[in-house]
Amino acid sequence: MSERYTMTLLTRTDLSFAYLQLTGSAWQEPVRYTLEERLAALAENNCVSMGMSVEELEAFLADHSADKLRGLLAEYGVRLHELEVLFGWNAGPEESGPALESESRLFELAVLAGIPTVKSCAVYPTGVEMPPTEVLAERFGAMCDRAAARGLSISLEAMAVMPGFTYQVASDIIVAADRPNAGLLIDMWHLFRDPTGVGSVDQLTAAQIAAVEFADAPRTPSPDVMNEVLSGRLLPGDGECDVTGLLRTLDAKGVDVTPCAEVLSADLRALPLSENIARTAAAVRASLEKARG
């Protein structure tokens, strides 16, 4: 293997899973699998980490100690790599009080559970005016500083189903805020469904890319885009997005993060959890191999 491929995303053999793919349920439905069942299935398939929602973590710690959580993670050799999702950092002064309280609690839980990164986003539905990028960058930077004081990193994601806060906006915020503990989270489904998505990565350095979540999609979006994002994503390689091109772009930048899967699919959800993980892991690793070739 050439030295060019040393220590980049393309040469990683470890694999993580985002929170929602492992719950066995669609978003906002009750979680079907216990935490221990998820950890066991990940360990069985040689995966290193998973995400956690703040709601589930808070509920777990209401009934169990942090030592119990650490013991389970140690038993299965799986870590929690991110806590999701932090909203509200973009609020104006008139709304900042409740947002700061929620943020402080989320940061507290992340520290208690030993989770290093908090996933964040901002939502501006159609008709809701978004502040200028420089204002958002100032608010985001202030939040990142509060996270850094707790030893936490921040990943920033855009959602194509909420088109106001695009990947270009998120990328511009990362550049303008210029915080060492912050980077863009590349969710392939959202990136490829966002007209600004792929181009928004060009201005970023490797250090400004916090995570890469794998998925694929048909070339033409479904008429029911919400169903597609929550239950109709495809395994990488099963769709028509340029996953290979994106991976080669990230490799050329020197991006070195653990590949992470977030393939939200009703078909995968119907499988036993271990098979869901195994099929996804095989597809992610095949897409990495193809990009290396």
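Remember, predicted model here, so these are calculated numbers, not experimental data.

Undergrad: Can you walk me through helix 12 (residues 273–292) in this structure?
TA: The periodicity of an α-helix, 3.6 residues per turn, causes residues three or four positions apart to be oriented the same way. In this model helix 12 runs 29 Å from its N-terminal to its C-terminal C-alpha over 20 residues, within 8% of the 28 Å that 1.5 Å per residue would give. Among the residues of helix 12, those classed as buried are Leu 273, Ser 274, Asn 276, Ile 277, Thr 280, Ala 281, Ala 283, Val 284, Ser 287, Leu 288 and Ala 291.

Undergrad: Just checking my understanding: could you explain helix 1 (residues 35–44) for this structure?
TA: Inspection of helix 1 places Leu 35, Arg 38, Leu 39, Ala 41 and Leu 42 among the buried residues, and these make up the whole buried set. The buried residues of helix 1 occupy an angular sector of 165 degrees when the element is viewed end-on, so they sit on one face. Looking at the packing, one finds that the buried side of helix 1 touches strand 1 (16–17), strand 2 (49–53), helix 2 (54–63), helix 3 (66–76) and helix 12. Positioned one or two residues after helix 1, Asn 46 has a phi angle of 60 degrees, which is positive.

Undergrad: Mind showing me how you'd approach the packing of aromatic side chains here?
TA: What characterises a pair of aromatic rings is the spacing of the ring centres plus the angle enclosed by the ring planes. The tally for this structure, following the rule as stated, stands at two aromatic pairs. Aromatic pair Trp 89 and Phe 140: ring centres 5.2 Å apart, planes at 70 degrees, arrangement edge-to-face. Pair noted here: Trp 89 is in the loop between strand 3 (79–86) and helix 4 (96–113) and Phe 140 is in helix 5 (residues 133–148), with a separation of 51 residues, a long-range link. An identical accessibility class is assigned to Trp 89 and Phe 140; each is buried.

About the thresholds
Residues numbered from 1 in each chain as written. Predicted model: local features only at pLDDT ≥ 70, side-chain atom pairs only at ≥ 80, totals over all residues. Heavy atoms only, no water. Helix = DSSP H or I, 4+ residues; strand = E, 2+ residues; numbered from the N terminus. Expected span 1.5 Å × (residues − 1). Buried < 20%, exposed > 50% of the residue type's maximum accessible area, 1.4 Å probe, protein only. Arc of directions from axis to C-beta. Contact = heavy atoms within 4.5 Å. Phe/Tyr/Trp six-rings, centres within 6.5 Å; stacked < 30°, edge-to-face > 60°.

As far as function goes, none of this settles anything; it's purely spatial.
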